[in-house]
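Observations on chain architecture
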Amino acid sequence: MEKDGEPFSVRVRRGDLMSPDCPSRDVLRHLTSQWGVLILIALESGTHRFSELRRKVGGVSERMLAQTLQWLEGDGLVDRVAYPVVPPHVEYSLTPMGREAAAHVRGLADWIEASMPEIARARAARMAA
């Protein structure tokens, strides 16, 4: 069945983010989650161990960090290397696709930071109304 003149097979290969069944929504959720954005930005500076990432991304629980790293690794954005030593030594870094994604979410994060005064004014005005 065609929608907007485009065959279904083409839409499936390309992705249709507005469709509730589109698998790209999972990737969007992983990338734009609070922790996903912060982890990608943290990994832009290079390879980090789990404990380094946890310190760098203030406020993230060990469970959320592990889960988000697994999602990002599953999406091909983060590379995980486990060294066979005792105690375990695991390092995380961005893949080439992860570096590209990090640049995009960093742009959003930079916009939020730069817009905070205006956002704060809008919030205050709404609270006063």
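Residues numbered from 1 in each chain as written. Predicted model: local features only at pLDDT ≥ 70, side-chain atom pairs only at ≥ 80, totals over all residues. Heavy atoms only, no water.

1. What about the environment of Arg 25?
Residue placement: Arg 25 occurs in helix 2 (residues 24-32). Assessed through its relative accessible area of 33%, Arg 25 is described here as partly exposed. Excluding its chain neighbours within four sequence positions, the residues that come into contact with Arg 25 are Leu 17, Met 18, Ser 19 and Pro 20. (Helix = DSSP H or I, 4+ residues; strand = E, 2+ residues; numbered from the N terminus. Buried < 20%, exposed > 50% of the residue type's maximum accessible area, 1.4 Å probe, protein only. Contact = heavy atoms within 4.5 Å.)

2. Some thoughts on the pairing of strand 3 (residues 89-94)
For strand 3, a buried count of 5 out of 6 residues is recorded, marking the element as mostly surrounded by other parts of the structure. In this sheet, strand 3 lies alongside strand 1 (residues 48-49) in antiparallel orientation, the contact comprising 2 bridges. When the sheet's bridge partners are listed, His 48 is paired in strand 3 with Tyr 92. A loop of 5 residues connects strand 2 (residues 78-83) with strand 3, the two strands running antiparallel in sequence. (Pairing = 2+ DSSP bridges.)

3. Quick word on the packing of aromatic side chains
Summed over all chains, the structure comprises 0 aromatic pairs. For Arg 29, the ring lying beneath its charged end belongs to Trp 71, and the centroid distance is 5.5 Å. (Phe/Tyr/Trp six-rings, centres within 6.5 Å; stacked < 30°, edge-to-face > 60°. Lys NZ or Arg CZ within 6 Å of the ring centre and 35° of its normal.)

4. Notes on the packing of helix 3 (residues 34-43) against helix 5 (residues 62-74)
One way to put it is that helix 3 packs onto helix 5 with a least axis distance of 10 Å and a crossing angle of 75°. In terms of orientation, helix 3 lies roughly perpendicular with respect to helix 5. Of helix 5, the residues touching helix 3 (which contributes Trp 35, Gly 36, Ile 39 and Leu 40) are Met 64, Leu 65, Thr 68, Leu 69 and Leu 72. When the residues that make up the contact of helix 3 with helix 5 are grouped by side-chain class, the tally is 7 nonpolar, 2 polar and no charged. (Axes fitted to C-alpha atoms, helices over the stretch in contact; angles between N-to-C directions. Parallel < 35°, antiparallel > 145°, perpendicular 65-115°, else oblique. Nonpolar A, V, L, I, M, F, W, Y, C, P; charged D, E, K, R; others polar.)

5. With respect to unusual backbone geometry
Leaving glycine aside, a negative phi is the common case for residues, and trans is the common case for peptide bonds. Residue Pro 87 follows Val 86 across a cis peptide bond; omega there is 0°. Here Pro 87 shows up in the loop between strand 2 and strand 3.

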